[in-house]
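Below, each chain spelled out in residue letters.
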Amino acid sequence: MNKDKQTIASQKPIGKKKAIAKTGDTKKVESKSIVIKSPESASLDKIQSTKVISQIRFQLRYHTVYGQEIFVCGNHPLLGNGDPIKAVPLFYNNDDRWSLDLDFTASPITEILQYHYIIQNADGSSSFDAGNDKQIDPKDFNEGNVITIDTWNFAGYFENVFYTEPFENVLLKANHTEVKLTAPKKITHYFKVKTPLLPKGQTACLLGNCKGLSKWDTNNPILLSRTSGENYYAVSLDLSRELFPIAYKYGIYDTVEKKFIQFEDGNNRVLYETNFPEEQTIIHDGFLVLSEINWKGAGVAIPVFSLRSENSFGVGEFNDLKLLVDWALKVGLKLIQILPVNDTTATHTWTDSYPYASISAFALHPMYLNLELLSNKDTDADLELLKTEFAELNNLVDVDYETVNQQKISFVKKVFKKDNLQFLKDKEFQEYFNQNSHWLEPYAVFCFLRDKYKTADFNQWPSYQKYNKQDISELVNAGSESYQGIALHYFIQYQLHLQLKSATEYAHSKGIIVKGDIPIGIYRFGADAWQQPELYHMNMQAGAPPDGFAVKGQNWGFPTYNWQKMKENGFAWWKQRFEQMNYYFDAFRIDHILGFFRIWSIPMNAVEGIMGYFVPSIPIHINEFNSKNIWFDHHRYTKPYITENTIWEVFGYDNEIAKQQFLEPDGYSGYQLKPAFATQRLVEAHFKDLENTEYHQKQKQQLFDLISNVILFEVEGSQGQQFHFRFGMESTSSFKNLDGNTQNQLKDLYVQYFFRRQDDFWKQEALQKLPALKRVTNMLVCGEDLGMVPTCVPDVMRQLGLLSLEIQRMPKDPTKEFFHPNDAPYLSVVTPSTHDMSTIRGWWEEDRASIQKFYNHEMGQFGEAPFFCEAWINNSIVMQHLYSPAMWSIFQLQDIMGIDPSIRREDPNEERINVPANPQHYWRYRMHHSLEEMNGFEAFNSNLQKAVKSSGRA
């Protein structure tokens, strides 16, 4: 006999209710009780256990909105074998419950059944149940039926972050407390709940209004235990003699002091009678409701090439990370963040120093090898001869990229030759090769052919221009003439793998995690583009629209992704990238995550980023101009606007020379560029053959400006029907010379195009990609969501539990000049600067007016701002970030050193790593103190450790 529901709800203890699901109009579909049977052809002979689960009722507590449907998917044929497309639909029971009965008698469960739920939304998008803890182990159950009462796990719940690998395996590993429990002879109910941040010596407990749950007696709570390898607390109980419904709550218990500490927040939970014959019930109760969850950490960011140790050879190496770990441990930092470490060797010149132009999304850069670790008795003498030269390289202020790489590769070849392919017999190498052959073989062949034909541009190779698996199989055959040259790259990659793996394992042993970086693009003439060109739009270039850091926009030169083709094979290439990151890293930063929503695409005939537009995007149709009574002149809007006045504004007193050399009449009372100079790429080619004088550089830029003086870009193939607005249209003389009414009408259409019409479209684009990719990894995922951020981005990142990036001088609110670290969301990373901008000290000297406002309003200081960023100012900004509510505060090492006048570099301009406006920037910054010195700065380290600890991040 059931007790009245209202009576249960009023029983103590009780608290403020916490909503755990969406609310809205429920989809009205017929309530059904249905049993789906497994195929009759399945054989019972395969049953290896006498315990057989006959039926399972999957029951999900979730309040749907109209148009939503719920599916269940798991690792069993009846559940689609893990394929979301084959997921099985649940049936609506009432406003807050969906269920499904499945018959497993003919296809028994012989291993742990893992499953999750999927919500199909009315707009076609899907939401996936987060975590992997919903499971049924047949060994835990008697014969009969099982009912699961599940709670939807929204991926955006911040508690999910603490079940990612860095927390589970490193940061919180020592906190787990296992309690020895004695199971009753008869088990009717399994209670499971998650709570990630209980310290060592505490566990979850359970109390309720019945005898089986101790009748709310806090002196005798039911203890739960978290066993090794599991991420939930659980207890098995016999509630066969109890009356339902039962009111209950979880709490926290101190196993050392043996006392009850507190109940969870929120209302009582209620368990109802299931009316399912011979059932055993699993209750997946989601998260224990606690309001006091405020874990925070701090970290340091620095490229590996920027590290300096007394034993490195002119550049930072993977082995140097161990010294950085030692220093981070001393000062209380928990995370080390690095830039991409992929191989970028395309030209064997300093231009390969750009770490985001990887020739392989999987291969590591050879320059990070430590030669002493690589050397052996056969090559030690050769290494000794090089030490004087390496010492000179190591004493340089910056990295000499070309010399370092030439010397290192030369020595590696000697080691490889002496090894005589013996490494191939190593079982560990064979295991590594088998796991990585999908990229390692094509990459090694690519490198061999690059060096053989003296170019990475495979279009210029006399043979093997197009990747052919059969041809490659012949080259990588051990008997081929090319094998030695190809196997060299196997050897190099394996040694890099061992050294990076050793460094990250050392970090883990010290309780520190390592965060990697996934570039948004690939190098146009690299192994990935050669092997699978169909995955990329080779006729386009990726970049970024103009902003305060690059007024002409950015052109990275990478091909853009063919997302439709990638989707056809389930984003296999991206999944492989994530798996590769998991070898070495605990967390990773997705470079330019906005590219998963839309990418700034620039035609190949353009040089400057300002000539691009977003892809995909909804273009402007010619009818929209007509509907707004805008006179449409195709030539006027889509061609460079060149008049006598324009020529004078651009060329000044050189206007006649410009007209004679570059221009011709256009037939519309104006001018047009001669065919030889009609595009920026043609102009670039013309000046490439001339002497690189200041005058020629000025002329080239003037022509670039003329070419970009347009209002619209016509969509290729649209036959003059569709157009994209040129970004920054209002700044062009083409726009300024229109009448006021047309200007206003175009402005309205421009704003609607860039800031309104695309948002839902871009949201759906991201939701087709990011959820599928996030599900293949349990690493902590952070997004670099900077630049022109669509309004849909924060919501998508919140839904997926992705950490955002917040930078003080780059507010995402257009109404604010600065972002204050105190306003950061919890699931975020705050930082005062990144590798793409000046350090705190460099920034202080860039814009006097802006810094004055910052000094008075953000720092709360009176009077005139100091001209230079004094140590106390640098320290104050660092402290603002340490005390932010964000989960992570991460600082460039230069900004940390800036707080101490005796430690920091004299010239802050020498601390900058990259200048985004310069596509030919030389990435060569190195820290000016060695890591051995950093570890020895006792007073500095002690003060920093105290600051980190006082902020609650140690």
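Here the structure is a predicted model, which means the values were calculated and not measured.

Trainee: Outline the overall build of the protein, listing residues and values.
Mentor: Along the protein, the regular secondary structure elements total 29 helices and 37 strands. In terms of C-alpha radius of gyration, the protein reaches 31 Å, essentially the compact-globule figure of 30 Å for 954 residues. With the C-alpha coordinates of the protein rotated into their principal frame, the extents come out at 100 × 80 × 70 Å. Burial status across the protein gives 57% buried among its 954 residues. Taking the intrachain contacts of the protein between residues at least 6 apart in sequence as the baseline, contacts between residues at least 24 apart amount to 73%. Roughly 41800 Å² of accessible area belongs to the protein as shown, and the carbon and sulfur atoms make up 49% of that amount. In the protein, the 97 positive side-chain charges and the 116 negative ones have mean positions that sit 5 Å from each other.

Trainee: Describe the side chain of His 881, and please don't skip the residues or the numbers.
Mentor: With respect to the secondary-structure elements, His 881 resides in helix 26 (residues 871–882). Residue classification places His 881 among the buried residues on the basis of a relative accessible area of 1%. Setting aside residues no more than four positions away along its own chain, His 881 makes contact with Gln 808, Pro 821, Val 830, Thr 831, Pro 832, Ser 889, Phe 891 and Arg 953.

Trainee: For helix 18 (residues 694–707), give the residues involved together with the corresponding values.
Mentor: Given a rise of 1.5 Å per residue, 14 residues ought to cover 20 Å, and the 20 Å separating the end C-alpha atoms of helix 18 matches this to within 8%. The set of residues buried in helix 18 consists of His 696, Gln 699, Lys 700, Gln 702, Leu 703, Phe 704, Leu 706 and Ile 707. Where helix 18 is buried, its residues contact helix 15 (644–651), helix 16 (655–662), strand 30 (663–665), strand 31 (671–673) and helix 17 (680–688).

Trainee: I'd like to hear about the sheet that holds strand 27 (residues 599–603), residue by residue, with values.
Mentor: The strand order across the open sheet built from four strands is 24-23-27-28, with neighbouring strands paired in antiparallel fashion. With partners counted over all chains shown, the strands left at the sheet margins are strand 24 (554–555) and strand 28 (613–615), one partner each. Bridge analysis of strand 23 (residues 540–544) against strand 27 gives four bridges, and the strand direction is antiparallel. Residue pairing in the sheet places Gly 543 in a bridge with Trp 600 of strand 27.

Trainee: Explain the pattern of salt bridges residue by residue, including any values.
Mentor: Considering all chains together, one arrives at 33 salt bridges under this definition. Measuring nitrogen to oxygen at the nearest pair gives 3.9 Å for the salt bridge that ties Asp 382 to Lys 418. Linking Asp 382 in helix 5 (residues 380–394) with Lys 418 in helix 6 (residues 401–419), this pair joins segments that are 36 residues apart in sequence. Of the charged contacts in the structure, one is a salt bridge between Glu 656 and Lys 659, with a shortest N-O distance of 3.0 Å. With Glu 656 and Lys 659 both in helix 16 and three residues apart, this pair spans about one turn of that helix. One continuous salt-bridge network, built from bridges that share partners, spans Arg 61, Glu 264, Arg 269 and Asp 285.

Trainee: Describe the nonpolar core, listing the residues and the values that go with them.
Mentor: Leu 321, Trp 327, Tyr 490, Trp 573, Trp 574, Phe 725 and Trp 844 are the most contacted members of the largest nonpolar core, which totals 200 residues. For Trp 574, the residues in contact, after removing those within four places along its chain, are Ile 518, Pro 519, Tyr 561, Trp 563, Met 566, Phe 596 and Leu 773. Counting 51 residues, the second largest nonpolar core, distinct from the first, contains Phe 191, Leu 237, Leu 805 and Met 810.

Trainee: Break down the packing of helix 5 against helix 6 for me, citing the residues and quoting the values.
Mentor: At a minimum axis separation of 11 Å, helix 5 and helix 6 run at an interaxial angle of 165°. With respect to helix 6, the axis of helix 5 lies roughly antiparallel. Between helix 5 and helix 6 lies a crossing whose hand is left-handed. Only Thr 403, Val 404, Gln 407, Lys 408, Phe 411, Lys 414 and Lys 418 of helix 6 make contact with helix 5, whose side of the interface consists of Asp 382, Leu 383, Leu 386, Glu 389, Phe 390 and Leu 393.

Trainee: Outline the pairing of strand 34 (residues 780–783), supporting the account with residue identities and numerical values.
Mentor: Going residue by residue along strand 34, you find Leu 780 and Cys 782 tucked away on one face and Val 781 and Gly 783 tucked away on the opposite face as well. The pairing of strand 26 (residues 587–590) with strand 34 spans four bridges and is classified as parallel. Considered in strand 34, the bridge of Phe 588 is made with Val 781.

Trainee: Go over the pairing of strand 21 (residues 513–518), please, and point to the residues and values.
Mentor: For strand 21, a buried count of six out of six residues is recorded, marking the element as mostly surrounded by other parts of the structure. Side chains Ile 513, Lys 515 and Asp 517 project from strand 21 onto one buried face, and the interleaved Val 514, Gly 516 and Ile 518 project onto a second face that is buried too. Summarising the sheet, strand 20 (residues 335–337) and strand 21 pair through three bridges and their orientation is parallel. By the bridge assignment for strand 21, Ile 336 is matched with Val 514. Relative to strand 26, strand 21 runs parallel, the two sharing four bridges. In the sheet register, Ile 518 faces strand 26, and the bridge partner there is Ile 590.

Trainee: I'd like a rundown of the environment of Ile 896, residues and numbers included.
Mentor: Relative to the elements of secondary structure, Ile 896 occurs in helix 27 (residues 893–897). C-alpha of Ile 896 to C-alpha of Leu 944: the two residues are 48 residues apart in sequence and 8.6 Å apart in space. In this structure Ile 896 touches Val 300, Trp 327, Leu 333, Phe 891, Phe 940 and Leu 944, once residues within four positions along its chain are discounted.

Trainee: Pulling in residues and values, what's your account of the sheet that holds strand 32 (residues 712–714)?
Mentor: Read across the sheet, three strands follow the order 29-33-32 without closing on themselves; strand pairing throughout is antiparallel. Only two strands of the sheet have a single neighbouring strand rather than two, namely strand 29 (620–621) and strand 32. Bridge analysis of strand 32 against strand 33 (residues 722–725) gives three bridges, and the strand direction is antiparallel. Paired with Phe 713 across the strands is His 724, a residue of strand 33.

About the thresholds
Residues numbered from 1 in each chain as written. Predicted model: local features only at pLDDT ≥ 70, side-chain atom pairs only at ≥ 80, totals over all residues. Heavy atoms only, no water. Helix = DSSP H or I, 4+ residues; strand = E, 2+ residues; numbered from the N terminus. Rg over C-alpha atoms; globule rule 2.2 N^0.38 Å. Buried < 20%, exposed > 50% of the residue type's maximum accessible area, 1.4 Å probe, protein only. Contact = heavy atoms within 4.5 Å. Areas by Shrake-Rupley, 256 points an atom, 1.4 Å probe, with all protein chains shown as cover. Lys, Arg positive; Asp, Glu negative; His and termini not counted. Charge placed at Lys NZ, Arg CZ, Asp CG, Glu CD. Expected span 1.5 Å × (residues − 1). Pairing = 2+ DSSP bridges. Salt bridge = Lys/Arg side-chain N within 4 Å of Asp/Glu carboxyl O. Core = buried A, V, L, I, M, F, W, Y, C linked by side-chain atoms within 4.5 Å. Axes fitted to C-alpha atoms, helices over the stretch in contact; angles between N-to-C directions. Parallel < 35°, antiparallel > 145°, perpendicular 65-115°, else oblique. Left-handed = near helix turned anticlockwise from the far one by under 90°.

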